[in-house]
Amino acid sequence: MNEKRDIRALSKEELRTFFKNKGDQAFRGNQVYEWLWQKGVHSFEAMTSLPKATREMLEAEFVINHIKVDVMQRSDDGTIKNAVRLHDGLLVESVLIPTDTRTTACVSSQVGCSLNCSFCATARLKRMRNLLADEIYDQVRVIDEQSRAFFGRPLTNIVFMGMGEPLMNYNNVLKAIDKITSADGLGMSPKRITVSTSGVPKLIKKMADDQVKFKLAVSLHSAIKSVRTSIMPFNEQFPLEELREALQYWYQKTRNRITYEYVVWKGINDQRKDVEALIKFCKFAPSKVNLIEYNPIDDGDFQQVAPEALQLYQQLLEEAGITVTVRHSRGKDIDAACGQLANKGQNK
């Protein structure tokens with residue numbers, strides 16, 4: 001017996017062709033597409049504009065492998081973390097981050113992670129597979145519904161800063177963003193979406209060539225080769241020189257400035273030479289720096305820095321004319337902050 005196909009793998013044109021081949025009218029494909037992506041239904045029975053016989057035929061031929069929220073946790077600061085169950089039983093996590101003016105979805109792109117950053121809990125998980133475009137899309141739809149239910153407003157922003165390295169799942173991430181921004185999907189502006197990468201030079205160049213409209217953030221954490229390699233060992237394969245060249249290419253093609261995500265740790269990158277190297281790295285293209293508060297992951301290898309070191313970073317960056325923001329993490333009490341997503345005890 002053949003396994004049923006997931007109907008959401010079909011494009012609108014493929015759905016139209018499917019119905020024509022069945023002797024039905026092509027517009028049925030448009031209707032099904034709208035039910036799947038604009039209305040986000042999880043069953044064929046819910047597609048009430050279709051004749052009953054059509055719904056039964058779809059049920060016989062296809063499945064809708066939608067995600068399910070296994071556990072939802074709410075932080076004292078309002079942050080919501082979802083443990084998301086995929087159709088094959090695996091789990092990822094996504095986060096809703098509210099402020100007074102916006103709600104942001106932090107979504108995952110892989111089960112586990114392809115890279116090996118030593119300060120990140122997700123990197124300690126084995127990369128089991130890439131998420132499909134619809135699984136990424138579903139995370140955003142769920143968080144949009146939670147934003148409306150708990151905060152009375154639709155989702156305003158999306159960051160690909162959850163589990164996984166988005167550029168190592170390039171095609172599915174771009175397909176998901178296409179659905180999220182399409183009038184046939186959620187209709188969100190690509191300018192409200194940020195893809196955060198640890199830095200894969202050839203794929204940053206590919207994004208520029210593909211003329212993407214979303215924003216780019218790079219998890220940098222050090223602009224000194226030896227320091228970055230010690231905390232992000234893949235820096236050996238994707239060295240800073242190649243990353244800088246790719247980011248220059250990105251700016252030349254898109255004219256969009258680059259955001260650097262940067263955590264400062266005690267005894268690792270908290271000296272004046274570290275700040276000076278960062279300033280030099282920032283100078284080749286317009287950029288801004290987000291200094292991020294470190295969130296411990298159960299060991300003592302990485303420790304929060306003294307406030308004076310953060311102040312030094314902020315002072316020297318501002319003196320150099322570089323926009324800098326200090327980000328205080330949210331959701332720490334439910335392990336929902338940056339670097340803490342690890343499916344604790346769930347993916348056995």
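Residues numbered from 1 in each chain as written. Predicted model: local features only at pLDDT ≥ 70, side-chain atom pairs only at ≥ 80, totals over all residues. Heavy atoms only, no water.

Visitor: When you look at the pattern of salt bridges in this model, what are you seeing that I'm missing?
Guide: Close approach of charged atoms allows side chains with opposite charge to pair. Evaluated as defined, the whole model comprises 18 salt bridges. The salt bridge partner of arginine 16 is glutamate 13, with a shortest N-O separation of 3.9 Å. Taken together, the positions of arginine 16 and glutamate 13, both in helix H1 (residues 12-21) and 3 residues apart, correspond to about one turn of that helix. Its relative accessible area of 47% is what places glutamate 13 among the partly exposed residues. As a salt-bridge pair, aspartate 209 and lysine 253 come within 3.5 Å of each other at their nearest N and O atoms. Here aspartate 209, found in helix H6 (residues 201-209), pairs with lysine 253, found in helix H8 (residues 240-254); they are 44 residues apart in sequence, far enough to count as distant. Exposure remark for aspartate 209: the relative accessible area of 41% places this residue in the partly exposed category. Within this structure, Arg8, Asp134 and Asp138 form a network of salt bridges that share partners. (Salt bridge = Lys/Arg side-chain N within 4 Å of Asp/Glu carboxyl O. Helix = DSSP H or I, 4+ residues; strand = E, 2+ residues; numbered from the N terminus. Buried < 20%, exposed > 50% of the residue type's maximum accessible area, 1.4 Å probe, protein only.)

Visitor: What's the story with the layout of surface pockets in this structure? I'm lost.
Guide: Sizing a probe to match a water molecule and rolling it over the atoms shows the empty space that remains. Reported here for the second largest pocket is a volume of approximately 260 Å³. Along its surface, the second largest pocket is lined by 16 residues, and Arg8, Ala9, Ala133, Asp134 and Lys175 are the ones closest to its centre. Of all elements in the fold, only helix H2 (27-37), helix H4 (133-151) and helix H5 (170-181) reach the threshold of two or more residues within the lining of the second largest pocket. Among the elements that take part in the lining of the second largest pocket, H5 stands out by supplying 3 residues, more than any other. By residue class, the composition of the lining of the second largest pocket is 6 nonpolar, 4 polar and 6 charged. (1 Å grid on protein atoms, 1.4 Å probe; cavity = no way out; pocket = protein on both sides within 12 Å on 5 of 7 lines; lining within 4 Å. Points joined across faces, edges and corners; volume = space filled by probe spheres on them. Nonpolar A, V, L, I, M, F, W, Y, C, P; charged D, E, K, R; others polar.)

Visitor: How should the sheet that holds strand S9 (residues 157-160) be read in this particular structure?
Guide: Within a sheet, each strand pairs with its neighbour through backbone hydrogen bonds, oriented either parallel or antiparallel. Taken in spatial order, the 10 strands line up as S3-S4-S5-S6-S9-S10-S11-S12-S13-S14 in an open sheet, and their pairing is mixed. Strand pairing shows two members of the sheet lacking a second neighbour, strand S3 (68-74) and strand S14 (323-327), which therefore form its edges. Geometrically, the sheet is characterised by an average inter-axis angle of 20° between neighbouring strands, direction not taken into account. Bridge analysis of strand S11 (residues 215-219) against strand S12 (residues 258-263) gives 3 bridges, and the strand direction is parallel. Following the sheet pairing, alanine 217 is matched in S12 by threonine 259. Its contacts with the sheet place H4 against S3, strand S4 (80-85), strand S5 (91-98), strand S6 (103-106) and S9, and it is angled at close to 40° to S5. (Pairing = 2+ DSSP bridges. Axes fitted to C-alpha atoms, helices over the stretch in contact; angles between N-to-C directions. Contact = heavy atoms within 4.5 Å.)

Visitor: For this particular structure, what's the right way to read the UniProt feature "binding site: S-adenosyl-L-methionine" (unreviewed entry) in the protein chain?
Guide: In the numbering used here, UniProt assigns the feature "binding site: S-adenosyl-L-methionine" (unreviewed entry) to Gly164, Glu165, Ser196, Ser219, Leu220, His221 and Asn295. Tracing the chain through its elements places serine 196 in strand S10 (residues 193-197). Setting aside chain neighbours within four positions, we find serine 196 in contact with Phe160, Met161, Glu165, Pro166, Ala217, Ser219 and Glu261. Topologically, leucine 220 is positioned in the loop between S11 and helix H7 (225-231). Since its relative accessible area comes to 0%, leucine 220 is described here as buried. (UniProt positions renumbered as here; feature names shortened; annotations may be inferred.)

Visitor: Is there a simple way to explain the pairing of S12 in this structure?
Guide: Regular strands place side chains that alternate from one sheet face to the opposite one. Most of S12 is tucked away, with 6 of its 6 residues classed as buried. Bridging between S12 and strand S13 (residues 287-292) involves 6 bridges; their strand directions are parallel. What sits directly across from glutamate 261, in S13, is asparagine 290. The parallel pair S12 and S13 is bridged by helix H9 (residues 272-282), and the resulting crossover is right-handed. (Right-handed = clockwise from strand over helix to strand, strands pointing away.)

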